[in-house]
Each structure stands twice: as structure tokens, then as C-alpha cells.
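A structural walkthrough
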Amino acid sequence: MADIENLRPESLLSPFDLHGLPLKNRIVMSPLTRSRASAGRMPNRLMAEYYSQRASAGLLITEATVVSKQGIGWLDSPGIYNDEQAEAWKIVVDAVHAKGCPIFLQLWHCGRASHSSFHDNGELPVAPSAVKLNGDYLHTPEGKQPYETPRALDTEEIPGIVADYRIAAKRALTAGFDGVEIHAANGYLIDQFLQSRTNHRTDRYGGSPENRYRFLDEIVNAVLSVWPSIRVGVHLAPNGNFNDMGSADYRETFTWVAERLDQYNLAYLHVVDGLEFGFHELGDPMTLAEFRAVFNGPLMGNCGYTKEKAEDAVRRGAADLVSFGRPYISNPDLVERFANGWPLNPIADPRVWYSVELGAEGYTDFPRYEKG
């Protein structure tokens, strides 16, 4: 239990000032890949309905959205790498804003967590090093396929990927988003650069934590050339083993990363501190308190939080915000349920999480709470 003497008056349902962006409460909808984008990775009206249903949150963060064709690694996930996609995102943004909720776009590159069948001319997925993801299979345009050994990026190629993030961030601005989140978690490309497990480079992007952080730092600076720092968040996963991640020096690495990110006065640092998404078991889990010690901006916890755990984290000052993922799939009115003590719908069957063919089923058809 929390020490009552150290509790703050703030609660999960109290407002929060995110550097001048007013949030109705401290509940955030976490990025959730749902695979409902239309052909050409286009956002659509069904997605607009889905997000607007959940706009009682303090902040929505979109599903991971690829910044380039090279970054693709999921079926039917949306993109932000051309003007048509940016224009289509306006439908989603406008629907959410009409409900009085801000929305950030999450920027994504899958790196080695992809397959050649996603790419032009059957090109291999790219990564910091040619280290194959140890997993059973992934879903591709050709059905279930085994992971491939990725192609290690040449040093000269990296500025082009950084530029893809900058251009995507600019398109997000034109689409009307309130900010962007850089996806540096869960074993995707940026995380692959950060972690010694997947980064075996000998150039300026490999070796020490400082060098492995360089790729993320260049992306942050590229995005900050478009957005003010207070509208840019970063997502980290120090404890996770998703996509075959977890490095022996994780604590040193992610402490270094958080210290460096602190210099930018970012919108927030979004940390997957919970273990329900998988834990690498290479030592004690990193806690929000460790990040609070080196990062002075708003801190967002994520993964496996219940209302009670989230309330405790906010009152103790461990987190300013808490993001919820799976509960938001089946509870569009999650904030209202928390506020009124209403029971939650059960977590949705994973078979409806990812499929454009399902359409509204398992996506926008979950009931809101009705008093008996």
C-alpha cells in the first residue's frame, strides 16, 4: 500500500495540464494495432468511429503508423507516408476533436519485425544488425511465414530513415493531430538500435549506450524541426521481451536514454513498466520511480494497469498519466466505467483484435454500460 503521507491530491480522473494542452483526465488510450485500415493503408470512417467512441479519455494515441513503405510489417495497419494518407487521417482527427479530446499520432518502423513479402521486389526487412528475430512466424500477405534474417543497414542509409520520420511528422501536423509519439518500444526498429541484443554495429550507431541511442536522438531532433518539443512523446519498453527483446544491460541503457531525453522538454515519456506484455527476466524490472529520478517531464505508465493500480500510481506521484490498452478494446466508455464504478466488459477475444475482414465486429460493436 502507498504511504498515505506521501499521497498527492490528484486522482486518475482529475484534469492534467500537458504543457498547455488541457486533458480532461489522466487516462490515456494506449496505441493499439487493430488492422482495420483500408487498401493502401488508408485511415477510414470506421477508424474514425472507433477512436471517437473512446474520446472520453484525457488523450488518445493512435495505433502505430508506418512512416515509410520500408517500415511496413503488419497487415492492414495505417500509414502516414503519403499525402493521401495524411488527408484521410483528418477524418479521424476531426471526429475525435468533435468529442473534445486531443489525439497524438504514433510514428512507427517495424525493422526486423517484418518480412520480405511486405516489400517491393521482395526486399528483406532492415535492422541495425543481421540478427534474426527468434519467433515462430508472422502474418504476411502470403500467410504465416517464418522470420527472416534482416539486412543490416549501411551507415549511409540511416539519414534517409531519419528523414522519413521528419516527413511523417510534418504530415501529421497537416492532418491536424495535437502531437506525435515516437515508437521506440516493443522490439521495433528504434528499440532494435537501442538494445545490445539486436545492435551489434561497430560504427557510430553501435557499441556504447550513447552510440546506440544516437538513432533515436537523430529522429527526435528531426521531429522537433517540425513540432515543438512539448508536443512530442517517446515510448520505451525497458522490461519487455516482445519481438524477442531483452538485453543484459537494459537498466544502464534505458537510464541513459531517459536522461538524454530529459534535455528536450518533451510532452511526456511513455514507459511500458508493467510485465503483462512479457518480461525478459534479466534482472529486476525497471520501475517508474527509476525513470522519475532522471526524467523531469510528465511520465506515463503502461501495461496491465487496473483502475486501482493506476489510481495508486497517480496519487503516489509515480505517474502523471496512465495508458490503458486491452481494456479499451472492449470498453469504449472506459472512463465512465472507472468514474462510476461500473463493471468492465470482458477483455475481447484475441481473434477479433487484428482483421480488416471483420470490419466493425470486435471493433466498434462493443456495448457501452447501461444501468439495469
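Residues numbered from 1 in each chain as written. Predicted model: local features only at pLDDT ≥ 70, side-chain atom pairs only at ≥ 80, totals over all residues. Heavy atoms only, no water.

**Structural notes on helix α2 (residues 83-97)**
Its 15 residues place the ends of α2 21 Å apart at the C-alpha level, agreeing with the 21 Å of an ideal helix rising 1.5 Å per residue. Among all positions in α2, only Q85, A86, A88, W89, V92, V93 and V96 are buried. Those residues of α2 that are buried lie in contact with α1 (45-53), β4 (59-66), β5 (103-108) and α3 (158-174). For α2, the N-terminal cap is N82; the gap from its side-chain oxygen to the backbone nitrogen of E84 is 3.2 Å. (Helix = DSSP H or I, 4+ residues; strand = E, 2+ residues; numbered from the N terminus. Expected span 1.5 Å × (residues − 1). Buried < 20%, exposed > 50% of the residue type's maximum accessible area, 1.4 Å probe, protein only. Contact = heavy atoms within 4.5 Å. Polar contact = N/O pair within 3.5 Å; in protein donor to acceptor, adjacent residues only side chain to side chain.)

**As for the environment of Y137**
Relative to the elements of secondary structure, Y137 occurs in the loop between β6 (126-127) and β7 (138-140). Those residues in contact with Y137 that sit more than four places away from it in its chain are K144, Q145, P146 and Y147. At 3.5 Å, the side chain of Y137 forms a polar contact with the side chain of K144.

**Examining the nonpolar core**
L216 and L261 are the most contacted members of the largest nonpolar core, which totals 86 residues. Within the second largest apolar cluster, 13 residues are counted, among which are A64, I72, F118 and Y147. (Core = buried A, V, L, I, M, F, W, Y, C linked by side-chain atoms within 4.5 Å.)

**Points about the confidence of the model for the protein**
When pLDDT is averaged along the protein, the result is 95, and 98% of the positions lie at 70 or above. Considering only residues more than four positions removed or in separate chains, one finds that residues 1-5, a stretch of pLDDT under 50, has 3 contacts. (pLDDT = per-residue confidence, 0-100.)

**A few points about the environment of P15**
Structurally, the position occupied by P15 is in the segment before β1 (16-18). Overall, the relative accessible area of 59% leaves P15 in the exposed class. Along the sequence, P15 and I27 sit 12 residues apart, while their C-alpha atoms lie 9.5 Å from each other.

**Points about the sheet that holds strand β12 (residues 268-272)**
With respect to topology, 8 strands assemble into a closed barrel ordered β3-β4-β5-β10-β11-β12-β13-β14, the strand pairing being parallel. Each strand of the sheet is rotated relative to its neighbour by a mean of 25 degrees, with strand direction disregarded. Examined bridge by bridge, strand β3 (residues 27-29) and strand β14 (residues 321-324) share 3 bridges and lie parallel to one another. If you follow V28 over to β14, its bridge partner there is S323. Along the sheet, α3 contacts β5 and β10 (179-183); its crossing angle with β5, the most-contacted strand, is approximately 160 degrees. Where helix α5 (residues 209-224) meets the sheet, its contacts fall on β5, β10 and β11 (232-236), and the angle it forms with β10 comes to roughly 170 degrees. (Pairing = 2+ DSSP bridges. Axes fitted to C-alpha atoms, helices over the stretch in contact; angles between N-to-C directions.)

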